[in-house]
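Structural description and commentary
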Amino acid sequence: MREKKIRVILASDHAGYELKEKLKDVLKENDIPFEDLSPEFVKDDDYPDIAFKAGRKVVKERARGVLVCGTGTGMCIAANKVRGVRAALAYDEKSARLSRQHNDSNVLCIGARMVDEVTARNILRVWLTTRFLEGRHARRINKIKEYERG
Ligand code: RB5
């Protein structure tokens, strides 16, 4: 069952632009409102600028983020610097599912040069429809939140 009231902040760098455009279909299919922070292709833009902006918005607006770059790694590293972001790099449906069930990931990172389009679509579908399992996993997330508070 899909979680209610999800809103997605979508963004990519130049390497992820094309796949990011295709992933809009999945959001539309699922009636999920989204905001595209990278509506134009910008040759040689820098993923940290995009990840920080998107991450801050996700936290401030209690939204979810979907970030696409070449490998997904750069976006994931940068987004996780933003307090409150739990960004997960997913490379198949299982990693996407577990990042929701166990880690309550609020940002999904996908590598456009690492996974094919069908896999990327499936990753996003699973990530959008999987719930956090709470329980012992919430205890662990709370430790991360505590660490972030300093
Ligand atoms: C850009 O060439 C590439 O480095 C970037 O998209 C990403 O893969 C970084 O992790």
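Heads up: the structure comes first, above all this text.
Residues numbered from 1 in each chain as written. Predicted model: local features only at pLDDT ≥ 70, side-chain atom pairs only at ≥ 80, totals over all residues. Heavy atoms only, no water.

Below, the discussion takes up the layout of surface pockets. Within this model, the largest pocket holds a volume of roughly 480 Å³. As for the largest pocket, its lining consists of 22 residues, of which Arg-62, Gly-84, Arg-86, Asp-104 and Asn-106 are closest to the centre. Of all the elements in the fold, those that place two or more residues in the lining of the largest pocket are α2 (47-60) and α6 (136-149). Among the elements that make up the lining of the largest pocket, the one with the highest residue count is α6 (three residues). (1 Å grid on protein atoms, 1.4 Å probe; cavity = no way out; pocket = protein on both sides within 12 Å on 5 of 7 lines; lining within 4 Å. Points joined across faces, edges and corners; volume = space filled by probe spheres on them. Helix = DSSP H or I, 4+ residues; strand = E, 2+ residues; numbered from the N terminus.)

Moving on to the environment of Lys-81. By the secondary structure assignment, Lys-81 is in the loop between α3 (73-79) and β4 (87-89). As a C-alpha pair, Lys-81 and Gly-55 span 26 residues in sequence and 8.6 Å in three-dimensional space.

Below, the discussion takes up the nonpolar core. Ranked by size, the top nonpolar core spans 21 residues in total, and within it Val-8, Ile-110, Leu-124 and Leu-128 carry the most contacts. Only β1 (8-12), α1 (17-29), β3 (64-69), β5 (107-111) and α5 (117-129) provide two or more residues apiece to this core. Sorting elements by how many residues they give to this core places α5 first, with six residues. Every residue in contact with Leu-124, bar those within four places of it in the chain, is listed here: Leu-23, Val-26, Leu-27, Val-66 and Leu-108. Ranked by size, the runner-up nonpolar core spans 19 residues in total, among them Ala-54, Val-58, Ala-63 and Met-75. (Core = buried A, V, L, I, M, F, W, Y, C linked by side-chain atoms within 4.5 Å. Buried < 20%, exposed > 50% of the residue type's maximum accessible area, 1.4 Å probe, protein only. Contact = heavy atoms within 4.5 Å.)

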